[in-house]
Amino acid sequence: MPKDSALVFNIQHYSLHDGPGIRTIVFLKGCPLRCPWCSNPESQRFGPEVSYVADKCIAGMGCDRCALACPGAVHATPGADAITLDHEQLDHLDLNELTAFAKACPSKALTLEGRPMRVDEILDVVERDEVFFDRSGGGLTVSGGEPLSHRTFLTSLLAGAHERGISTAIETCGYAPYASLASAAEHLDYVLFDIKSMNDAKHRKWTGFGNTRILDNFRRLCADHPELPKLVRTPIIPGFNDSREDVAAILDFLHGLGGTDANITYQPLRYHRFGEGKYHALGRNYPMGTVKLDDDLFNAIRDDALASGLAAEALYHD
Ligand code: SF4
Ligand code: SF4
């Protein structure tokens, strides 16, 4: 990968849910956690990969370009409407080989997940939305994956945005050395910080890591930057943290850090299955199976958040 670059798997324009105003979201690839409900499974691995959407495939019309580009990675049956990718074989390919493989597809059934981009390239794209930022109070939100996993790159990106007069935010799970968060915070106007559970053992079992570092990081962020607006979010996940007690423990923690005095607001997020198709496109099973969130329970959790005095503005419209 070129120096001074990071792998970007998406740039999403005109978002209304990831910080104030209209946002342009830059998604950096790679996350240390492995939440089974993750709606962006293509964000998790730090390396590039290729996804495949069978609905777009024209193998049934005789296309075999991917098989010609990389015979070992494609299982094709003559006359079949779709192919099967061998992701283990694809794991042996480097970025250039994966790029060529995805490009061979004429119908966009294959997508390269993760394209190296430099800071100035990203900012040139983001800056095109400046008119929307100016009118709405919006700006750039860097998401992932985990943006704090790219400390030097992230700091340059946020600082570069400020130099161009673009407001900045990050979406983080908080799992990173505090130094990464501290250097990002110097160039941030807003933080969206996930706190998923106050229970360390449960956090470790479900995400692969405990919550100690995450809670410490948030505590230090509040102490060092009380003026920085912080939206804490909790995805409410069936079987993991779908109880009023789980959320009450998080709200207690936030009140203990100063609550609104530390510029903290709070929003529970409904579990959804939007990412399910992406798992299949990556050759993986959807880890959450068929579980569903109890609507009444979520509404009770939302009411608790509203009563806490910390409710984010968006919660009033949920
Ligand atoms: S922290 Fe976020 S990006 Fe990382 S695995 Fe969990 S849901 Fe996905
Ligand atoms: S190149 Fe694309 S459209 Fe053709 S068989 Fe492969 S995946 Fe399908």
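As the structure is a prediction and not an experimental result, all values here were calculated from the model. (Residues numbered from 1 in each chain as written. Chains lettered and ligands numbered in written order. Predicted model: local features only at pLDDT ≥ 70, side-chain atom pairs only at ≥ 80, totals over all residues. Heavy atoms only, no water.)

Engineer: Give a detailed account of helix 7 (residues 178-185), specifying residues and quantitative values.
Structural biologist: Within helix 7, six of the eight residues are buried, which leaves it mostly tucked inside the rest of the structure. All buried positions along helix 7 are accounted for by Y178, S180, L181, S183, A184 and A185. Looking at the buried positions of helix 7, the neighbouring elements they touch are helix 6 (151-163), strand 9 (168-172), strand 10 (190-194) and helix 9 (212-224). (Buried < 20%, exposed > 50% of the residue type's maximum accessible area, 1.4 Å probe, protein only. Helix = DSSP H or I, 4+ residues; strand = E, 2+ residues; numbered from the N terminus. Contact = heavy atoms within 4.5 Å.)

Engineer: Mind laying out the nonpolar core, listing which residues take part and the relevant values?
Structural biologist: Ranked by size, the top nonpolar core spans 68 residues in total, and within it L140, I170, I195, F218, L254 and Y266 carry the most contacts. In this structure, Y266 is in contact with L231, V232, T234, V247, I250, L251, L254, A305, L310, A311, A312 and L315, ignoring residues within four places of it in sequence. C57, C66, L98 and A102 belong to the second-largest nonpolar core, a separate cluster that totals 17 residues. (Core = buried A, V, L, I, M, F, W, Y, C linked by side-chain atoms within 4.5 Å.)

Engineer: Report on the packing of helix 7 against helix 9, specifying residues and quantitative values.
Structural biologist: Running from N to C, helix 7 and helix 9 cross one another at 35 degrees; their axes reach a closest spacing of 10 Å. Along this stretch, helix 7 crosses helix 9, giving a crossing that reads as right-handed. Contact with helix 7, carried on its side by Y178, L181 and A185, involves N217, R220, L221 and D224 of helix 9 and no other residues of that element. (Axes fitted to C-alpha atoms, helices over the stretch in contact; angles between N-to-C directions. Left-handed = near helix turned anticlockwise from the far one by under 90°.)

Engineer: So, the domain arrangement of the protein chain: which residues are in play, and what are the values?
Structural biologist: Along its sequence, the protein chain is organised into domain 1 (5-46 + 115-317) and domain 2 (49-113). Between the C-alpha centres of domain 1 and domain 2 the distance comes to 32 Å. If you look at the interface, domain 1 gives nine residues, while domain 2 gives nine residues. Of the roughly 850 Å² buried where domain 1 meets domain 2, counting both sides, 56% is carbon and sulfur surface. The closest approach of N and O atoms between D91 and R45, which form a salt bridge, is 3.2 Å. Taken together, the connections running from domain 1 to domain 2 amount to four residue pairs in polar contact (both at pLDDT 80 or more). Residues that form the side of domain 1 that touches domain 2 fall into these classes: four nonpolar, one polar and four charged. (Domains from an automatic or database assignment. Buried area = accessible area lost by both parts, 1.4 Å probe. Salt bridge = Lys/Arg side-chain N within 4 Å of Asp/Glu carboxyl O. Polar contact = N/O pair within 3.5 Å; in protein donor to acceptor, adjacent residues only side chain to side chain. Nonpolar A, V, L, I, M, F, W, Y, C, P; charged D, E, K, R; others polar.)

Engineer: Can you break down the site of ligand 1 residue by residue, with the values?
Structural biologist: Taken together, the neighbourhood of ligand 1 is formed by C31, L33, C35, C38, S43, Q44, G145, C173 and K196. The class makeup of the residues in the shell around ligand 1 is five nonpolar, three polar and one charged. (Near = heavy atom within 4 Å.)

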